[in-house]
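Here's the letter readout for the chains.
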Amino acid sequence: MVHVKLVASHSSPMVTGWLRPIVLVPVSMLSTLSPQELDLLIVHELLHVRRHDCFVNAIQVLMETVFFYHPAVWWLSREIHVSREFCCDDSVSESREERLNYCRALLKLETSRPPKSAFTLAAQDGDLLRRIRRLSLDVEPSLGCSPVASLASGALVAAIAFVLLLAPAMVENPASVAVAIEPPVAPLPEAVSVLESTEETEDASTTVTYLEQERWKLKLDECISIAIQNRFEQNPDLTKLDDVSREVLVRNLARDIENAYWDLYAAHQVSAAILKGREEARLIAEDIEQRVERGICTLQELSQAEGFAKKLQTKLDESISGTNEAGPELAGLLGQEKMLRDLMGVASSDDTVIDPIDDPMREPTQYEFAASVRKMMETIPELRNTRTRIEQQEAEVAAAKAELAKKVDVEVIERFLTPVGSGDALEQVKESHARSESTIIERENSKTPFGSRRELARIRNAAFRIARENSKLEEDKRLLTSKLSEAIRKTNQQYQLYESNREQCVAIHNETSARTAQFAAGSTPANVVLQCREKYVLCEIDFWRAIAEYNKAERYVSYLDGTLLEEVRSIWN
């Protein structure tokens, strides 16, 4: 009796046990596979039970443990695993339709290969690609055996004789036994073409288009100069603006250009880092492929290396052309380049791509907050414009007061002039006039001439406006000081983040170099090296983005304290 149990810890059915065999079926397969596919996989496991493969597999594990140092034992054991799966596959899939359904089921299982104990047998055992090709091809593979396999088996006859005696019992259908020689190439059916469809098509990739484009190397000052020139040439009405408005326009344009420039710089460096990682992954895959031919590495390690290279290729295409998901790669390199072109007023081009060549600042900037605040108060155009407007209003109020004082001279003389008993009458008139001018705004009574009351109201309203402008000026100063303080703090934070990423890149690079040397010596598996490579690529991406953000934060401080405006004036002139 064979018991069947539903489990949640596996992704493929498997059989375990010899005296009391149990077929373990994952619960997830009930929803991912069709009933026909599930039946074929369960029949495959039941065939292992009928053939007593669990007992033979236990003997294989024992021989692998005893003769662990001999490569021929591992080769022979691997071939027995493959032959065992071939036999069960032939018994499961007899018709063409069943074979295609069975191939589809094997492909679904391969997408999530779980770790498997040495004493269990699963439908994922053996070389999956060889099994699918063998099931889908109309031509049966040859029964011949390679000379290397014959010599290796002959050298170990005395040591593993009883394994060789049990091996024929495994082969119920000798004509279906696969050997090291690959079957002849033939057109593949739909079930196998799914595997082939994931192969990289280099010609259709956006990477080739990007690599073939000519570079338009530009400095940041050149980008700002081109943007200012094109902006005023395309909009002649901007020349009619006053000086303050032009300064604000040019300063804000330079700020936008700087942000786009450093974003494009980071996008170029990120794409270059991913491209370098992809080439290294391909070299690792080629090295593993050679090791597989020598029997040092497994096909699973080769598929991991090839999958890592394809993953980096996909990430490279996304970093260049952009994605539909929110994040730093939303626009991509070409999208960032288009943003910079739009700000510069330059038409887009399919033949050239802007390449920022300015080296970013890598040293921390020391700020003296009090000096930066004083400089900001003197150079910010908005503050200077407000102060100028207040001074003009104060001058207008003073002139209005003087004009109003002239109109009431006669009344002042009549009101304050006393008979001259002694002293100079002219000096008394001047003293009375000054006293009336200082009190005319404060006094509002019936003695004020009727025609002067409108002028008095205008002067009073102008004084209120001046007070309001002064209050707004002080509030603007407070807000700008707060922004400057926050910008300096964020700049220091961005520099610390840049330093942290740089140190992390150095550490991961050293670890990757050590793991690569261990892999070359055969003491480290390939997946460890691939994981280190992936960590280094991701860390390098974070490094370049951090240095771009640090430069953007530092330039924002220059934007607030007026340094950027001084630099733009020199470019503008």
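Residues numbered from 1 in each chain as written. Predicted model: local features only at pLDDT ≥ 70, side-chain atom pairs only at ≥ 80, totals over all residues. Heavy atoms only, no water.

Engineer: Would you explain the overall build of the protein chain in this entry?
Structural biologist: The helix and strand inventory of the protein chain stands at 21 helices and six strands. Scored against the burial criterion, the 573 residues of the protein chain give a buried share of 42%. Partitioning the contacts of the protein chain with sequence separation of at least 6, the portion at a separation of at least 24 is 75%. Element-wise, carbon and sulfur atoms account for 56% of the exposed surface of the protein chain, whose accessible area totals about 31,200 Å². (Helix = DSSP H or I, 4+ residues; strand = E, 2+ residues; numbered from the N terminus. Buried < 20%, exposed > 50% of the residue type's maximum accessible area, 1.4 Å probe, protein only. Contact = heavy atoms within 4.5 Å. Areas by Shrake-Rupley, 256 points an atom, 1.4 Å probe, with all protein chains shown as cover.)

Engineer: I keep staring at the packing of aromatic side chains and nothing clicks. Help me out?
Structural biologist: Two descriptors summarise a pair of aromatic rings, namely the distance from one centre to the other and the angle between the planes of the rings. Going through the model one piece at a time under the given rule, you end up with eleven aromatic pairs. Ring plane angle 85 degrees and centroid distance 5.7 Å describe the contact between F68 and Y69, whose orientation is recorded as edge-to-face. For F68, a relative accessible area of 56% translates into the label exposed. Ring centres 5.9 Å apart and planes at 15 degrees place the aromatic pair Y556 and Y559 in the stacked group. Note that Y556 and Y559 are positioned in helix α20 (residues 526–561) at a spacing of three residues, about one turn of the helix. A residue is classified by how much of its surface remains accessible, and Y556, at 27% relative accessible area, is partly exposed. Using a relative accessible area of 17% as the deciding quantity, one classes Y559 as buried. By way of ring pairs, the aromatic residues Y261, W262, Y265, Y495, Y498, F543, W544 and Y550 are connected into one cluster. (Phe/Tyr/Trp six-rings, centres within 6.5 Å; stacked < 30°, edge-to-face > 60°.)

Engineer: Explanation requested: the packing of helix α11 (residues 220–234) against helix α12 (residues 243–293) in the structure shown.
Structural biologist: To describe two helices that pack against each other, one gives the angle between their axes and the distance between the axes. The interhelical angle for the contact between α11 and α12, taken along N-to-C directions, is 135 degrees, at an axis separation of 10 Å. In terms of orientation, α11 lies oblique with respect to α12. For the element pair α11 and α12, the recorded crossing hand is right-handed. In this structure, α11 uses L220, C223, I224, A227, I228, R231 and F232 to contact α12, whose residues at the interface are R246, L249, V250, L253, A254, I257, E258, Y261 and W262. (Axes fitted to C-alpha atoms, helices over the stretch in contact; angles between N-to-C directions. Parallel < 35°, antiparallel > 145°, perpendicular 65-115°, else oblique. Left-handed = near helix turned anticlockwise from the far one by under 90°.)

Engineer: Is there a simple way to think about the environment of V270 in this case?
Structural biologist: Within the secondary structure layout, V270 lies in helix α12. Residue classification places V270 among the buried residues on the basis of a relative accessible area of 3%. Once the C-alpha coordinates of V270 and E329 are considered, the two residues, 59 residues apart in sequence, prove to be 9.9 Å apart. Excluding residues within four positions of it along the chain, V270 makes contact with S319, I541, W544 and R545.

Engineer: What exactly am I supposed to notice about the pattern of salt bridges here?
Structural biologist: When the charged atoms of two side chains with opposite charge come close together, those side chains can pair. Under the counting rule described, the total for this entry stands at 27 salt bridges. Among the ionic pairs, K552 bridges to E549, the shortest N-O distance being 3.3 Å. Of the two residues, K552 and E549 both sit in helix α20, three residues apart, roughly one turn of that helix. Given the relative accessible area of 15%, K552 is considered buried. The structure contains a network of salt bridges with shared partners spanning E258, E554, R555 and E567. (Salt bridge = Lys/Arg side-chain N within 4 Å of Asp/Glu carboxyl O.)

Engineer: In this structure, what is going on with unusual backbone geometry? I would like to understand it.
Structural biologist: If a residue is not glycine, its phi is most likely negative; likewise, a peptide bond is most likely trans. The backbone of H52 shows a phi angle near 60 degrees, a positive value even though the residue is not glycine. Inspection of the secondary structure puts H52 in the loop between α2 (35–50) and α3 (53–66). By relative accessible area, which is 47% here, H52 ends up partly exposed.

Engineer: Could you clarify how one ought to interpret the confidence of the model for the protein chain in this entry?
Structural biologist: A residue-level look at the protein chain finds 73% of positions with pLDDT of 70 or above and a mean pLDDT of 75. Confidence, expressed as mean pLDDT per element, reaches its minimum in the protein chain at helix α9 (residues 190–196) with 34 and its maximum at α20 with 91. Within the model, pLDDT remains below 50 along residues 138–159, and this stretch shows 23 contacts once partners closer than five positions in the same chain are excluded. Here residues 161–204 scores under 50 on pLDDT; set against residues more than four positions off or in separate chains, the count is 78 contacts. (pLDDT = per-residue confidence, 0-100.)

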